[in-house]
Amino acid sequence: MKCLSFAWILLAAFPVMAQPNPADAFEQNRKLGRGVNIIGYDPLWRSREQGRFQAKHFRLLKEAGFNSVRVNLHAFRHMDRNADWALRTAWWETLDWAVTNATSQGLMVILDLHEFNAIGEDPEGHKDRFLAFWRQVSARFQSAPNSVVFEILNEPCKKLTPPLWNVWLREALALIREKNPTRTVIAGPAFWNSVDHLNELELPAADRNLIATVHYYKPMAFTHQGAGWTGQKDKLGVDWQGAPEELEAIRRDFDKAAAWARAQNRPVLLGEFGAYDKAAMDARARYLTAVTRAAEARGWSWAYWQFDSDFILWDMKRDAWVEPILKALIPAGAKPGAR
Ligand code: BGC
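The paragraphs below set out a description of the structure included in this document. Here the structure is a predicted model, which means the values were calculated and not measured.

### A closer look at the site of the ligand
Every residue lining the ligand is accounted for by Tyr41, His114, Phe116, Asn154, Glu155, Tyr217, His224, Trp229, Glu272, Trp305, Asp310 and Phe311. Within the contact set of the ligand, an oxygen atom lies 2.6 Å away from a side-chain nitrogen or oxygen of His114.

Okay, here's the thing in structure tokens:
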């Protein structure tokens, strides 16, 4: 019964049931355009009734000019160790809801496995679950349109060292390609997807339907001021003025990544960037303007960190955009879907 009802959802949402045409990774990246990270920390995964993110938010994102959403999946806690790590029905229903709603608004969807902390602490202890996740997700979405793309793992880090990550990503990609030979797949360097570690990333050369991703939070003293999880809880009051040397630092980092991408002939997604809510709003807006425009100038797509929870773009209490952040990300006059 469950299978039947899911098939129906797929049919309704994705009329093209045959394998989609091969997608050009650069064209796919252009379509990812301007995006936002969503629902990683939303209680909707525990219970839909408690959800903060609602169907209307997909529409609001589209109307504001965004092209894509990066759905952050903390999936491990929803996998059943007694059933070959099967993902639970309620989790699938929530994911189907998100993918169907985003897709029907014309938004591209990145399915991003966000279990970087657990895997980084103990890669071997989590390898089965990591592969079981991709085995199931790639089977489930094999008939989804090209607008659904997979990101193998957010911010590989710690014990998932650059050489080990290169092995893992190759293995996961081979598994994904069994059922999704034409789906665009995203992967970035180890060391938290840092721009400084792109050189250590080895993407399988023969697979041209890949997008390379990097994250950018430099300078950390500014972007993570007040953030307990990076040991900066009491380090507040750091400004970012957009001074020539500050802009130059971004330019240098992005040019280095762009040079790598040119040499490898890979498109780039800036999959996370932002400045935590404890920084002054005007400085955050200046910083976001500089980072997004620098990414766009190099033909990269981007996804802001994040819609709700922290670094917020949408204020759930006021039921309204955080205007300075929105205006910095999407400059006035930008048409929905246009770049
Ligand atoms: C993590 C978040 C964190 C953000 C910025 C993300 O990848 O999932 O927990 O807030 O990076 O540090």
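### Some points on helix α10 (residues 244-264)
Over its 21 residues, α10 runs 30 Å from end to end, which matches the ideal 30 Å to within 8%, given 1.5 Å per residue. The elements touched by buried residues of α10 are β8 (210-216), β9 (268-273) and α11 (281-297). Asn265 sits one or two positions beyond α10 and adopts a positive phi of about 55°.

### Concerning the pairing of strand β6 (residues 148-151)
The side chains of a regular strand alternate, residue by residue, between the two faces of the sheet. Taking every second residue as pointing to the same face, both faces of β6 are buried, with Val148 and Phe150 on one and Val149 and Glu151 on the other. Bridge count between strand β5 (residues 108-113) and β6: four bridges; the pairing is parallel. Counted as the bridge partner of Ile110 is Val149 from β6. Here β6 runs beside strand β7 (residues 185-187); their pairing, made up of two bridges, is parallel. Within β7, the residue paired with Glu151 across the bridge is Ile186. What joins β6 to β7 is helix α7 (residues 162-179), and the crossover it makes is right-handed.

### Considerations on the layout of surface pockets
Looking at the largest pocket, its volume works out to about 600 Å³. Together, 25 residues line the largest pocket, and Glu155, Trp192, Tyr217, Met220 and His224 are the ones closest to its centre. The class makeup of the residues in the lining of the largest pocket is 11 nonpolar, eight polar and six charged.

### Here we look at the packing of aromatic side chains
When we look at a pair of aromatic rings, we describe it by the centre distance and by the angle of the planes. Overall, the coordinates contain 26 aromatic pairs when judged by the stated rule. An angle of 90° between the planes, with centres 6.3 Å apart, marks the rings of Phe66 and Trp302 as edge-to-face. In this pair, Phe66 sits in the loop between α3 (55-64) and β2 (68-73) while Trp302 sits in strand β10 (residues 301-304), placing the two residues 236 residues apart along the sequence. Assessed through its relative accessible area of 1%, Trp302 is described here as buried.

### A few points about the pairing of strand β1 (residues 34-38)
The element β1 is largely enclosed, with a buried count of five among its five residues. Neither face of β1 is open: one carries Arg34, Val36 and Ile38, the other Gly35 and Asn37, and all of them are buried. Two elements, β1 and β10, share three bridges in a ladder whose sense is parallel. Paired with Gly35 across the bridge in β10 is Ala303. Pairing geometry for β1 and β2, over four bridges, is parallel. Bridge pairing in β2 places Val36 opposite Val69. Regarding topology, α3 serves as the crossover connection from β1 to the parallel β2, and that connection is right-handed.

### Regarding the environment of Ala64
Turning to its location among the elements, Ala64 is positioned in helix α3. Between the C-alpha atom of Ala64 and that of Ile330, which follows or precedes it by 266 residues, the distance is 7.7 Å. Those residues within four positions of Ala64 in sequence are excluded, and the remaining contacts are Trp321, Leu326 and Ile330.

### Structural notes on the side chain of Asp310
Within the secondary structure, Asp310 is located in the loop between β10 and β11 (314-315). Arg284 provides the closest opposite charge to the buried, unpaired Asp310, separated from it by 8.4 Å. Among residues more than four places away in sequence, those in contact with Asp310 are Trp229, Tyr276, Asp277 and Trp305.

### Re the sheet that holds β7
Within a sheet, adjacent strands bond to each other through the backbone by hydrogen bonds, running parallel or antiparallel. Within the closed barrel, the eight strands sit side by side as β1-β2-β5-β6-β7-β8-β9-β10. Their pairing is parallel. In this sheet, adjacent strand axes meet at a mean angle of 25° when their direction is disregarded.

Reading guide: rules and limits
- Residues numbered from 1 in each chain as written.
- Predicted model: local features only at pLDDT ≥ 70, side-chain atom pairs only at ≥ 80, totals over all residues.
- Heavy atoms only, no water.
- Near = heavy atom within 4 Å.
- Polar contact = N/O pair within 3.5 Å; in protein donor to acceptor, adjacent residues only side chain to side chain.
- Helix = DSSP H or I, 4+ residues; strand = E, 2+ residues; numbered from the N terminus.
- Expected span 1.5 Å × (residues − 1).
- Contact = heavy atoms within 4.5 Å.
- Buried < 20%, exposed > 50% of the residue type's maximum accessible area, 1.4 Å probe, protein only.
- Pairing = 2+ DSSP bridges.
- Right-handed = clockwise from strand over helix to strand, strands pointing away.
- 1 Å grid on protein atoms, 1.4 Å probe; cavity = no way out; pocket = protein on both sides within 12 Å on 5 of 7 lines; lining within 4 Å.
- Points joined across faces, edges and corners; volume = space filled by probe spheres on them.
- Nonpolar A, V, L, I, M, F, W, Y, C, P; charged D, E, K, R; others polar.
- Phe/Tyr/Trp six-rings, centres within 6.5 Å; stacked < 30°, edge-to-face > 60°.
- Lys, Arg positive; Asp, Glu negative; His and termini not counted.
- Salt bridge = Lys/Arg side-chain N within 4 Å of Asp/Glu carboxyl O.
- Axes fitted to C-alpha atoms, helices over the stretch in contact; angles between N-to-C directions.

In short, the description is geometric, and any link to function would need to be established separately.
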